[in-house]
Amino acid sequence: MSRRHASSFAIDCSDVVIDRIGHGLPTRAVDGVSFTVAPGQLLCVAGPTGSGKSSLVAALAGSTDPSVKVVGGRAEVCGVDVRRPGRKHRILTYRTGFVPQGAGADLPPRLTVAEVIAEPILQRERRVNTRALSIRVATLLDELHLPLGTADRFPYELSAGMRQRVAIARSFVLEPKVLIADEILANLDLEVRPVVFDAITRRRKEESMAALLVTNDAAFIRELNAETLMLRQGHVVARGVGKDLLWAPNAETPARP
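Worth saying up front: this structure is predicted, and the values here are computed from it rather than measured.

Undergrad: Please clarify how the overall build of the protein should be interpreted in this entry.
TA: In terms of helices and strands, the protein carries seven helices and 11 strands. Taken over the C-alpha trace, the protein has a radius of gyration of 18 Å; the compact-globule value for 257 residues is 18 Å, and the two agree within 12%. Overall, the protein is about 55 × 45 × 40 Å in size when its C-alpha atoms are taken along their principal axes. The 257 residues of the protein split such that 46% are buried. In the protein, the proportion of contacts linking residues at least 24 apart, taken out of those at least 6 apart, comes to 67%. For the protein, the exposed area adds up to about 13,800 Å²; of that, 50% sits on carbon and sulfur atoms. Averaging the locations of the 34 positively and 28 negatively charged side chains of the protein gives two centres separated by 6 Å.

Listed below in structure tokens is the structure:
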């Protein structure tokens, strides 16, 4: 029986099971989740607190958080087996731009904004064209409507919304094939949100970047016209676009106001 080529989807998950490992017994965070995201496609993940959204995206992005572990099923991102990446973990994190939950608040405090954005490149390349790198950083700052003078400032000197945009710029610096983001709109003012929307949309159209976004912001999902995967207690309970969600037979639809 022939096996489907791993690169046909940017993200390919089948019956994925993820545990949260703490001081006590492991907690089942995600249980039997299946979905695919093609190059250029956008999928939003929604659901209540504790539904497994953050555990799912952290695992798929190759997070080194030891408390998140894929223990069952199959998950491939850019052709890399997330469950057993081995030496390909470096490839996974190179091809994936990750904006974790609270990314803006967790920026390296001793680095300037320019160094924060450039760090993913500097960690991988021994020899870097500093002028070209400075231009790339400046271009990202301009795209996300951050003053160019921000490059020489430190994260603690910025507002929460500006720090979040720096985190987004950092996720874009390697020109990822896949963007995985957990609450990418956190702390952003309403007038800035279209800037992030445009940055994601342009990359999807021009570079076929896939995107997996955790958000419960219904307005943002509508603006993106995105397909939504609804999680509850680690299970997929609904999937669809806009109000046309197809609910699982045993799932209880939320009460309408």
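Undergrad: Before we go on, may I ask you to explain the confidence of the model for the protein in this structure?
TA: Across the protein, the average pLDDT comes to 90, with 94% of residues at 70 or higher. Throughout residues 1-6 the model reports pLDDT below 50, and contacts reaching past four residues in sequence, or to other chains, amount to seven contacts.

Undergrad: Looking at this structure, how should I read unusual backbone geometry?
TA: Negative phi characterises most residues that are not glycine, and trans characterises most peptide bonds. A positive phi angle, near 50°, is found at Asp15, a position not held by glycine. For Asp15, the location among the structural elements is in strand S1 (residues 11-20). Look at Asn225: it is not a glycine, yet its phi comes out positive at around 50°. You can see Asn225 is positioned in the loop between helix H7 (218-224) and strand S9 (227-232).

Undergrad: For this particular structure, what's the right way to read the pattern of salt bridges?
TA: For side chains of opposite charge, pairing can occur when their charged atoms come near one another. This model, assessed by the stated rule, comprises 10 salt bridges. Among the ionic pairs, Arg202 bridges to Glu206, the shortest N-O distance being 3.0 Å. Here Arg202 pairs with Glu206, and both are found in helix H6 (residues 193-207), just four residues apart, close to one helical turn. Its relative accessible area of 31% is what places Arg202 among the partly exposed residues. Among the ionic pairs, Glu207 bridges to Arg202, the shortest N-O distance being 4.0 Å.

Undergrad: How do you make sense of the pairing of strand S11 (residues 244-247) when you look at a structure like this?
TA: Regular strands place side chains that alternate from one sheet face to the opposite one. In the sheet, strand S10 (residues 235-241) pairs with S11 via four bridges, with the strands oriented antiparallel. Residue Arg239 lies in a different strand from S11, and its bridge partner there is Leu246.

Undergrad: What am I meant to see in the nonpolar core here?
TA: Note on soluble globular proteins: their nonpolar side chains tend to be buried together. Ile117, Val166, Phe172, Leu179, Ile184, Ile200 and Leu213 are the most contacted members of the largest nonpolar core, which totals 44 residues. Elements that contribute at least two residues to this core include exactly strand S3 (42-46), helix H3 (113-122), helix H4 (130-143), helix H5 (160-172), strand S7 (178-182), H6, strand S8 (210-214) and H7. For this core, the element with the most residues is H5, which contributes six residues. Setting aside anything within four residues of it in sequence, one finds Phe172 in contact with Leu140, Leu179, Ala199, Ile200, Arg203 and Met209. Core analysis: the next-biggest nonpolar cluster, separate from the first, contains 32 residues, Cys13, Ala75, Cys78 and Ile180 among them.

How each quantity is defined
- Residues numbered from 1 in each chain as written.
- Predicted model: local features only at pLDDT ≥ 70, side-chain atom pairs only at ≥ 80, totals over all residues.
- Heavy atoms only, no water.
- Helix = DSSP H or I, 4+ residues; strand = E, 2+ residues; numbered from the N terminus.
- Rg over C-alpha atoms; globule rule 2.2 N^0.38 Å.
- Buried < 20%, exposed > 50% of the residue type's maximum accessible area, 1.4 Å probe, protein only.
- Contact = heavy atoms within 4.5 Å.
- Areas by Shrake-Rupley, 256 points an atom, 1.4 Å probe, with all protein chains shown as cover.
- Lys, Arg positive; Asp, Glu negative; His and termini not counted.
- Charge placed at Lys NZ, Arg CZ, Asp CG, Glu CD.
- pLDDT = per-residue confidence, 0-100.
- Salt bridge = Lys/Arg side-chain N within 4 Å of Asp/Glu carboxyl O.
- Pairing = 2+ DSSP bridges.
- Core = buried A, V, L, I, M, F, W, Y, C linked by side-chain atoms within 4.5 Å.

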